[in-house]
Amino acid sequence: RNQGQRVDRHGNLYSTKQHAEDLSALLEHLAIEKFVGIGISTGARILSDFADISPSRLQGIILMGVALNNISHRNLVIFKSWLNAINASSDEDWTPYVETYIPWIYGPDYLSAVEPPVKRIAAALAATMTRQGTASNIQATMASLRAGLDDPVQEQTITVPALILQGEYDLMAPPGTLNALERRFENHTLHIIPGAGHNVRGENRQEFERLALDFLLDELDL
């Protein structure tokens, strides 16, 4: 919702569970009965919610940088800074937004070795997204986090086979908060990726591909 260059009646009050329902509708449209889901960050949270409502449709899930309700307070502060930054950007230049979120997404090893392509990322976002839609997405995430804090819901145990990849320096989902994550995923394999931040795939693609393929071939026997 609100992705791409068109923003159409989605507002800023939908939750990740709404995204999971959207995914279910898309699968129906494409006549896909069962699949393996791979998601990072919000995508990982959506797959977790999908596993709650339709576990029989999942052969397995690969999750990177997934966070649960136990760190909602800290992530509300982070997303507030992102919302301020997108509002400070212009439709043509998203540099303030990109400069704000990059330190949260990439680990120190990556940022020390590589000059982040801020201008290139900002230009790509301006060409493919709308500021209004992105701001609405951030507001929706914040509303969902606040709702979870105001009315805590016991997160269900997920039995779908799961590969969980977390960066050693993931500031959005710190490894120190993983006890709750491991309790929720009953049948999981967890790997902490040394030196990586939130964007595990972007910072260490080779390790992501190796672990993902091992999971698909050995764990799921595909």
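Refer to the structure above for everything that follows.
Everything quoted here is computed from the prediction, not taken from an experiment.

### What about helix 2 (residues 42-53)?
No. 1: If you check helix 2, its first and last C-alpha atoms are 17 Å apart, about what 12 residues at 1.5 Å a residue would give, namely 16 Å.
No. 2: Most of helix 2 sits out of view: 9 of its 12 residues are buried.
No. 3: On its buried side, helix 2 packs onto helix 1 (16-30), strand 1 (35-40), strand 2 (58-64) and helix 8 (178-184).

### Re the environment of L47
No. 1: The topology assignment puts L47 in helix 2.
No. 2: Separated by 157 residues in sequence, L47 and N204 place their C-alpha atoms 22 Å apart.
No. 3: Setting aside residues no more than four positions away along its own chain, L47 makes contact with L23, F35, G37, I38, G39, L58, I61, I62 and L63.

### Re the side chain of N137
No. 1: Looking at where N137 falls in the secondary structure, it is placed in helix 7 (residues 131-150).
No. 2: When near neighbours in sequence (up to four residues on either side) are disregarded, N137 contacts R1, N2, Q3 and Y14.

Quick notes on the rules
Residues numbered from 1 in each chain as written. Predicted model: local features only at pLDDT ≥ 70, side-chain atom pairs only at ≥ 80, totals over all residues. Heavy atoms only, no water. Helix = DSSP H or I, 4+ residues; strand = E, 2+ residues; numbered from the N terminus. Expected span 1.5 Å × (residues − 1). Buried < 20%, exposed > 50% of the residue type's maximum accessible area, 1.4 Å probe, protein only. Contact = heavy atoms within 4.5 Å.

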